[in-house]
Amino acid sequence: GLGVEKDRGKSLHHLEEAAIGGHPAARYNLGIEAWNNGHTERAVKHFIIAAAHGHDGSTKALMKMFKEGFVDKDDLAAALRAHQAAVNSAKSPQREAAEEYRRKMKSSN
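A few points on the structure. These figures come from a predicted structure and were not determined experimentally. Each chain has its residues counted from 1, following the order in which its sequence is written. Only residues with pLDDT of at least 70 get local features here, since the model is predicted, and only at 80 or more are side-chain atom pairs given and counted; chain-wide, interface and lining totals rely on the full set of residues. Only heavy atoms go into the side-chain values, all of them from the structure, while hydrogens and water stay out.

**Examining the side chain of Arg27**
Link 1 in the chain: Secondary structure is summarised from DSSP: a helix means a run of H or I of at least four residues, a strand means a run of E of at least two, and numbering begins at the N terminus for each. Note on placement: Arg27 falls in helix 2 (residues 24–36).
Link 2 in the chain: As a buried residue without a salt bridge, Arg27 has its nearest oppositely charged side chain in Glu16, at a separation of 8.6 Å.
Link 3 in the chain: Pairing of N or O atoms within 3.5 Å defines a polar contact, subject to two protein rules: one partner must be a possible hydrogen donor and the other a possible acceptor, and residues neighboring in sequence count only if both atoms are side-chain atoms. Only 3.2 Å separates the side chain of Arg27 from the side chain of His46, close enough to count as a polar contact.
Link 4 in the chain: Ignoring any residue separated from it by four or fewer positions in sequence, one finds Arg27 in contact with Ala19, Ile20, His46, Ile49 and Ala50. The classification of residues rests on relative accessible area computed with a 1.4 Å probe and restricted to protein chains. Under 20% of the type maximum is buried, over 50% is exposed, and intermediate values are partly exposed. Here the positive residues are Lys and Arg and the negative ones are Asp and Glu; neither His nor the chain ends is included. Salt bridge, as used here: a side-chain nitrogen of Lys or Arg that lies within 4 Å of a carboxyl oxygen of Asp or Glu. Between two residues, a contact is recorded if the distance between any of their heavy atoms is within 4.5 Å.

Have a look at this one:
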């Protein structure tokens, strides 16, 4: 927040706790952190796990890393299949109806 010093160690600790708890965005953020610190293999692992939990940004990161030669074709394919399975498992008629309602409300404004 404003006027508060940032504690990098605490930030990473809480990201790790959230990732262990199954929060895909936290796992993705750990991947970004690992990538920014030159830990390519660790970043790939984080992105694969997040993608398997349905995180779209992780699939995009993996595709970019594939194009740059950091991810092999088999790992990318497996991650994309796991991502699609996660997305499919989250679908339901109620969610689709809620999404349609949200779109209608947004377009009427």
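Additional details are given in the paragraphs that follow.
**Some remarks on the packing of helix 1 (residues 8–20) against helix 2**
To describe two helices that pack against each other, one gives the angle between their axes and the distance between the axes.
Link 1 in the chain: Contact geometry of helix 1 with helix 2 gives a least axis separation of 8 Å together with a crossing angle of 135 degrees. Between helix 1 and helix 2, the angle is such that the two are oblique. When the axes of helix 1 and helix 2 are compared, the crossing they make is left-handed. Touching Arg8, Leu12, Leu15, Glu16, Ala18, Ala19 and Ile20 of helix 1 are Ala26, Arg27, Asn29, Leu30 and Glu33, all from helix 2.
Link 2 in the chain: For the contact of helix 1 with helix 2, the per-class residue count stands at 7 nonpolar, 1 polar and 4 charged. Axes here refer to lines fitted to C-alpha atoms; in helices the fit is confined to the stretch in contact. Angles between the N-to-C directions go from 0 to 180 degrees. Oblique is the label for every angle not falling under 35 degrees (roughly parallel), over 145 degrees (roughly antiparallel), or within 65 to 115 degrees (roughly perpendicular). Throughout, a crossing is termed right-handed when the near helix is turned clockwise from the far one, and left-handed when it is turned anticlockwise from it by less than a right angle. When residue character is reported, Ala, Val, Leu, Ile, Met, Phe, Trp, Tyr, Cys and Pro are called nonpolar, Asp, Glu, Lys and Arg charged, and the others, Gly included, polar.

**Section: the pattern of salt bridges**
Link 1 in the chain: A full pass over the atoms with the stated rule returns 4 salt bridges.
Link 2 in the chain: Residue Glu99 pairs with Arg102 through a salt bridge whose shortest N-O separation is 2.6 Å. Separated by 3 residues within a single helix, Glu99 and Arg102 lie in helix 6 (residues 93–108), roughly one turn from each other.
Link 3 in the chain: The partly exposed category is assigned to Glu99, whose relative accessible area is 28%.
Link 4 in the chain: One salt bridge connects Arg103 with Glu100, and the closest N-O pair in it is separated by 3.0 Å. One end of the pair, Arg103, and the other, Glu100, are both in helix 6, 3 residues apart, so they sit about a helical turn from each other.
Link 5 in the chain: The partly exposed category is assigned to Arg103, whose relative accessible area is 44%.
Link 6 in the chain: Classification of Glu100 by relative accessible area gives partly exposed; the value is 35%.
Link 7 in the chain: In this structure, a network of salt bridges that share partners links the residues Glu99, Glu100, Arg102 and Arg103.

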